[in-house]
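Letter by letter, the chains look like this.
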Amino acid sequence: MLLQTAAENESLRAVVSEGAGVRSIGDFLEIDSAGKWLVAPLILTSTVSTAIFANHMPPPQLSDLVTRVHVPVFFIHAADAQGGEELSEQYYLPANEPKQLWKTDGGHVRGITAEPEEYERRVVNFLDEALLG
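1. Structural notes on helix α7 (residues 116-132)
A turn of α-helix holds 3.6 residues, and therefore any two residues three or four places apart point the same way.
Right, so step 1: Over its 17 residues, α7 runs 23 Å from end to end, which matches the ideal 24 Å to within 8%, given 1.5 Å per residue.
Right, so step 2: Elements in contact with the buried residues of α7: β1 (15-18), β2 (73-78), β3 (99-104) and α6 (111-114).

2. Some words on unusual backbone geometry
Right, so step 1: Omega for the peptide link from glutamate 97 to proline 98 comes to -5 degrees, which places this bond in the cis form.
Right, so step 2: Position of proline 98 among the secondary structure elements: in the loop between α5 (88-92) and β3.

3. Some remarks on the layout of surface pockets
Right, so step 1: One number sums up the size of the largest pocket: a volume of about 150 Å³.
Right, so step 2: Lining of the largest pocket is provided by 10 residues; of these, Met1, Leu2, Leu3, Ser17 and Ala20 occupy positions nearest its centre.
Right, so step 3: Taken together, the elements giving at least two residues each to the lining of the largest pocket come down to α1 (2-8) and β1.
Right, so step 4: Here the element with the most residues in the lining of the largest pocket is β1; it accounts for 3 residues.
Right, so step 5: Looking at the lining of the largest pocket residue by residue, the class counts come to 6 nonpolar, 2 polar and 2 charged.

4. Some remarks on the environment of lysine 103
Right, so step 1: Looking at the secondary structure, you find lysine 103 in strand β3.
Right, so step 2: The contacts of lysine 103, once residues within four sequence positions are left out, are His77, Ala78, Ala79 and Glu89.

5. Considering the sheet that holds β1
Right, so step 1: Pairing is parallel across the open sheet formed by 3 strands, whose spatial order is β1-β2-β3. Looking at strand neighbours, the two that pair on one side only are β1 and β3, the edges of this open sheet. Taken over all neighbouring pairs, the strand axes of this sheet differ in orientation by 15 degrees on average, direction set aside.
Right, so step 2: Looking at chain direction, β1 and β2 are connected through 4 bridges and run parallel. Across the sheet, the residue bridging to glutamate 18 is isoleucine 76, located in β2.

6. Things to note about the packing of aromatic side chains
Right, so step 1: Tallied over the entire structure, the rule returns 3 aromatic pairs.
Right, so step 2: Ring centres of phenylalanine 75 and tyrosine 92 lie 6.1 Å apart, and the angle between their planes is 90 degrees; on these two criteria the pair is classed as edge-to-face. Placement of phenylalanine 75 in strand β2 and of tyrosine 92 in helix α5 is noted, with a sequence separation of 17 residues between them.
Right, so step 3: For tyrosine 92, a relative accessible area of 21% corresponds to the partly exposed category.
Right, so step 4: Measuring from centroid to centroid gives 6.1 Å for tryptophan 102 and tyrosine 119, while their planes differ by 50 degrees, and the two rings are tilted. Taken together, the residues tryptophan 102 in strand β3 and tyrosine 119 in helix α7 connect sequence positions 17 residues apart.
Right, so step 5: Here tryptophan 102 falls in the buried class, since its relative accessible area comes to 7%.
Right, so step 6: Note on tyrosine 119: relative accessible area 12%, which makes it buried.

Procedures and definitions
Residues numbered from 1 in each chain as written. Predicted model: local features only at pLDDT ≥ 70, side-chain atom pairs only at ≥ 80, totals over all residues. Heavy atoms only, no water. Helix = DSSP H or I, 4+ residues; strand = E, 2+ residues; numbered from the N terminus. Expected span 1.5 Å × (residues − 1). Contact = heavy atoms within 4.5 Å. 1 Å grid on protein atoms, 1.4 Å probe; cavity = no way out; pocket = protein on both sides within 12 Å on 5 of 7 lines; lining within 4 Å. Points joined across faces, edges and corners; volume = space filled by probe spheres on them. Nonpolar A, V, L, I, M, F, W, Y, C, P; charged D, E, K, R; others polar. Pairing = 2+ DSSP bridges. Axes fitted to C-alpha atoms, helices over the stretch in contact; angles between N-to-C directions. Phe/Tyr/Trp six-rings, centres within 6.5 Å; stacked < 30°, edge-to-face > 60°. Buried < 20%, exposed > 50% of the residue type's maximum accessible area, 1.4 Å probe, protein only.

The following block contains the structure:
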């Protein structure tokens, strides 16, 4: 959500994005794994159901949005990823500078639980650099 907000709004000064992954069929198609096809029916059904029942089209692909973010971004994702979280590495590549990437231990958005001191150190350092110079 913060990546999309930063792409569409100039009021943010920095973004810490942890666990960014699949939000729609477009993001899903970017996963580089043959195993993704096992869950393809679920992703397709979810995308179509949201469009029909909630009257909302899928959100923009994160790979497109990150190029429109013009504030410092820190991408954090779990080594034991789920839900396409490993896409954070692909979102990092086209993102504008300054940017950082960190692969944590633990599962989805559990970096702070798996490595609390390292997590705090990295996030605080990133925000200090981004916001205080």
